[in-house]
Amino acid sequence: MTADDRVAGGLVGLLVGDALGVPYEFHDPRNLPPPEQIELEPPPDFRRSHRGVPPGTWSDDGAQALALLDSLLGRPPRPRRPRAALPRLVAPGRLRRGRATLRHRQPDLRRAAPPRAGRPRLAAGGTGERDNGNGSLMRVLPLALWHRGDDAALVRDAHAQSRITHGHPRSGAACALYCLWARAELAGRTHDDALAQLRRLYADDPVHAAELEGIAAPFPARGTGYVVDCLHSARVALEEPTYERVVRRAVAFGLDTDTTAAVAGGIAGLRHGLGAIPQRWRDGLRGGTILEPLLARLRAHLASE
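Peer 1: Tell me about the packing of helix H1 (residues 3–21) against helix H2 (residues 60–73), and name the residues and values.
Peer 2: Viewed as axis vectors pointing N to C, H1 and H2 meet at an angle of 155 degrees, and their least axial separation amounts to 9 Å. Relative to H2, the element H1 lies roughly antiparallel. Contact with H1, carried on its side by Leu11, Leu14, Leu15 and Asp18, involves Asp61, Gly62, Ala65, Leu66 and Leu69 of H2 and no other residues of that element. Among the residues forming the contact of H1 with H2, the class breakdown is 6 nonpolar, 1 polar and 2 charged.

This is the structure we're talking about:
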């Protein structure tokens, strides 16, 4: 399997997982179909969420991830530096009118609100204990795919992209761990390798180090929108041996199904490659005219190293 196949698998895997979870969002896990029946088009007797949204549509998770990638890639002859690119993610109207958004109403796009008036964009996110939703985690994977810096630089930029909407250090640490995990998968290493590396990088950062230990602590998998629940549930789903089983298990946790499956699906796509994502799901994914040019630009960026 080539690195290109893994990178494409990661990006497409995020979007397919997101789209797979959209019809099941907000449902208690006890009310979901059996995992083997979870498809882009739910069973006919299932009371689907977002009934006006066509099957195969990604949510604000995918829209923000692609908007972040578009910002990072910039325009030829050279990509933007991360700190210059990241604020464009929440430029007024970007997600609602930009390249990453499909024509119809995007599920949960209301969460992609502009920053608070008078605050710098890289310090716009809330910093309270309750400001630890999974909104910055769900979009961060393209940063890891695009990034050319060392691990310390990747961690700093993962923190920065989180602060646009989620400024608490817990959210930043979760994004940093996920980015290092994605990089580890590309190198044939594991989540535990990424965790050990982040502990080393946080050796002189007691605030983030304490948050990391809370994130790493074992607890039951739950499909909520809390960033720690989301990351942990994705890790549990990734115990499954195939892409298909990973994202179905992620959806089966219920509640914030699209985000859990997007976070798990991105890593599963990196691990198993584009070809491991079922063809019926790739064919059923809407937004190819948005995705394909961005994927081509990402491939060109990586080939120019």
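Peer 1: Explain H2 to me, and be specific about the residues and the numbers.
Peer 2: For H2, which comprises 14 residues, the first-to-last C-alpha distance of 20 Å matches the rise-based estimate of 20 Å (1.5 Å per residue) to within 8%. Most of H2 is tucked away: 14 of the 14 residues are buried. Of the residues flanking the end of H2, it is Gly74, one or two places downstream, whose phi is positive at about 55 degrees.

Peer 1: Residues and numbers for the packing of aromatic side chains, please.
Peer 2: Taken as a whole and assessed by the stated rule, the structure comprises 3 aromatic pairs. Arranged with centres 5.2 Å apart and planes meeting at 40 degrees, the rings of Tyr24 and Phe46 form a pair that is tilted. Residue Tyr24 is found in the loop between H1 and H2, and its partner Phe46 is found in the loop between H1 and H2; the two are separated by 22 residues along the sequence. Here Tyr24 matches Phe46 in class, with each residue buried. Arranged with centres 6.5 Å apart and planes meeting at 65 degrees, the rings of Tyr243 and Trp281 form a pair that is edge-to-face.

Peer 1: Break down the side chain of His208 for me, with residues and values.
Peer 2: Tracing the backbone shows His208 in helix H9 (residues 206–216). Among the residues examined, His208 registers a relative accessible area of 15% and is labelled buried. With residues near it in sequence (within four places) discarded, His208 still touches His159, Pro169, Ala173 and Tyr202.

Peer 1: Report on the side chain of Gln161, specifying residues and quantitative values.
Peer 2: The topology assignment puts Gln161 in helix H6 (residues 151–163). Polar contacts involving the side chain of Gln161 include one to the main-chain carbonyl oxygen of Ser136, which spans 3.2 Å.

Peer 1: So, unusual backbone geometry: which residues are in play, and what are the values?
Peer 2: Not every positive phi belongs to a glycine, and His50 is a case in point at roughly 55 degrees. Classification of His50 as buried rests on a relative accessible area of 14%. For Leu255, which is not glycine, the phi dihedral falls at a positive 65 degrees. Topologically, Leu255 is positioned in the loop between helix H11 (243–252) and helix H12 (257–272).

Reading the values: the criteria
- Residues numbered from 1 in each chain as written.
- Predicted model: local features only at pLDDT ≥ 70, side-chain atom pairs only at ≥ 80, totals over all residues.
- Heavy atoms only, no water.
- Axes fitted to C-alpha atoms, helices over the stretch in contact; angles between N-to-C directions.
- Helix = DSSP H or I, 4+ residues; strand = E, 2+ residues; numbered from the N terminus.
- Parallel < 35°, antiparallel > 145°, perpendicular 65-115°, else oblique.
- Contact = heavy atoms within 4.5 Å.
- Nonpolar A, V, L, I, M, F, W, Y, C, P; charged D, E, K, R; others polar.
- Expected span 1.5 Å × (residues − 1).
- Buried < 20%, exposed > 50% of the residue type's maximum accessible area, 1.4 Å probe, protein only.
- Phe/Tyr/Trp six-rings, centres within 6.5 Å; stacked < 30°, edge-to-face > 60°.
- Polar contact = N/O pair within 3.5 Å; in protein donor to acceptor, adjacent residues only side chain to side chain.

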